[in-house]
Amino acid sequence: RVPWLVAAVPAVSNCSSCCCPPGCECIWTDWIDVSYPDSSDRNSGDYETFENIQQTDPTWVCAKAENISCRAERFPDVPIADLGQKVECSVNTGLVCNNSDQVIGGTIPMPVCLNYEISVCCIPDMPECIASTTTSTT
């Protein structure tokens with residue numbers, strides 16, 4: 001038994017606010033869906049990438065994505081890992097789903113990507129919030 005560990009736990013969990021300057025907590029976007037998979041094209045897919053979002057909406061700025069949530073539009077309550085599709089959901093790029101990576105037999109009977117949407121938790125685009133190693137492209 002090590003009772004002092006119990007006393008240390010709250011101090012660790014309360015530290016989320018001590019790492020960032022005030023006002024620099026990430027803010028979740030609404031669900032974003034700028035790409036739709038073409039089921040007739042094996043080389044198509046669903047590409048909810050930061051690059052595609054910015055091309056569709058030039059006003060969209062996410063200086064630094066701290067977290068990301070990805071879901072299938074038709075199955076919003078099912079974790080994407082349970083959908084039987086090969087999908088990349090990354091804070092570095094966004095969501096990528098290639099039709100060519102899918103196999104027959106997942107949630108849908110055809111080897112094509114479902115239509116996905118993403119929500120991104122973005123750090124505000126302020127100098128005090130962005131680490132000096134991050135470059136913001138607008």
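The preceding data block contains the structure.
Residues numbered from 1 in each chain as written. Predicted model: local features only at pLDDT ≥ 70, side-chain atom pairs only at ≥ 80, totals over all residues. Heavy atoms only, no water.

Student: Looking at this model, I keep getting lost on the overall build of the protein. Mind explaining?
Tutor: Along the protein, the regular secondary structure elements total two helices and six strands. Moving toward the C terminus, one meets the helices and strands of the protein in the order α-β-β-α-β-β-β-β. Out of the 138 residues belonging to the protein, those deemed buried represent 33%. Sequence separation of at least 24 residues holds for 69% of the intrachain contacts in the protein that already meet a minimum separation of 6. Entry remark: accessible area of the protein is about 8,800 Å², with carbon and sulfur atoms responsible for 55%. (Helix = DSSP H or I, 4+ residues; strand = E, 2+ residues; numbered from the N terminus. Buried < 20%, exposed > 50% of the residue type's maximum accessible area, 1.4 Å probe, protein only. Contact = heavy atoms within 4.5 Å. Areas by Shrake-Rupley, 256 points an atom, 1.4 Å probe, with all protein chains shown as cover.)

Student: Teacher, can you tell me more about the nonpolar core here?
Tutor: Most often, soluble globular proteins have nonpolar side chains that are buried together. Core analysis: the biggest nonpolar cluster contains 21 residues, and Phe50, Trp60, Tyr116, Ile118 and Val120 have the highest contact counts within it. Those elements giving two or more residues to this core turn out to be helix H2 (50-56), strand E3 (64-72), strand E5 (94-98) and strand E6 (116-123). Not counting residues up to four positions away in its chain, the partners in contact with Ile118 are Thr29, Asp30, Trp31, Ile32, Glu48, Phe50, Ile53, Ile68, Ser69, Cys70, Gly94 and Leu95. Counting residues in hydrophobic clusters, the runner-up holds five residues, among them Cys24, Ile123, Cys129 and Ile130. (Core = buried A, V, L, I, M, F, W, Y, C linked by side-chain atoms within 4.5 Å.)

Student: How do you make sense of the pairing of E6 when you look at a structure like this?
Tutor: Each regular strand carries side chains that alternate between the two faces of the sheet. The buried fraction of E6 is high, at eight of eight residues. Burial of the side chains of E6 extends over both faces: Tyr116, Ile118, Val120 and Cys122 are buried on one face and Glu117, Ser119, Cys121 and Ile123 on the other. Where strand E1 (residues 27-28) meets E6, two bridges bridge the pair, whose relative direction is antiparallel. Residue pairing in the sheet places Ile27 in a bridge with Cys122 of E6. As paired elements, E3 and E6 share eight bridges and run antiparallel to each other. (Pairing = 2+ DSSP bridges.)

Student: Quick question: what am I supposed to make of the layout of surface pockets here?
Tutor: The method is simple in principle: a probe with the dimensions of a water molecule rolls over the atoms, and the space it marks as empty is what remains. Size it by volume and the second largest pocket reaches roughly 190 Å³. In this structure, the second largest pocket is lined by Tyr36, Pro37, Ser39, Glu73, Arg74, Ile108, Pro109, Met110, Val112, Cys113, Leu114 and Asn115. When its residues are assigned to classes, the lining of the second largest pocket shows eight nonpolar, two polar and two charged. (1 Å grid on protein atoms, 1.4 Å probe; cavity = no way out; pocket = protein on both sides within 12 Å on 5 of 7 lines; lining within 4 Å. Points joined across faces, edges and corners; volume = space filled by probe spheres on them. Nonpolar A, V, L, I, M, F, W, Y, C, P; charged D, E, K, R; others polar.)

Student: Can you help me understand the pairing of E5 in this one?
Tutor: Within E5, four of the five residues are buried, which leaves the element mostly enclosed by the surrounding structure. By the bridge criterion, five bridges tie strand E2 (residues 45-49) to E5 in an arrangement that is antiparallel. The residue bridging Asp46 from the neighbouring strand is Cys97, located in E5. Sheet topology places strand E4 (residues 88-90) next to E5; three bridges connect them, and they run antiparallel. By the bridge assignment for E5, Glu88 is matched with Val96.

Student: Before we go on, may I ask you to explain the pattern of salt bridges in this structure?
Tutor: Any two side chains of opposite charge can pair, on the condition that their charged atoms come close. Taken as a whole and judged by the stated rule, the model has one salt bridge. A salt bridge links Glu117 to Arg71; the nearest nitrogen and oxygen atoms lie 2.7 Å apart. A residue pair is termed long-range when its members are at least 10 positions apart, and Glu117 in strand E6 and Arg71 in strand E3 qualify at 46 residues. Exposure remark for Glu117: the relative accessible area of 11% places this residue in the buried category. (Salt bridge = Lys/Arg side-chain N within 4 Å of Asp/Glu carboxyl O.)

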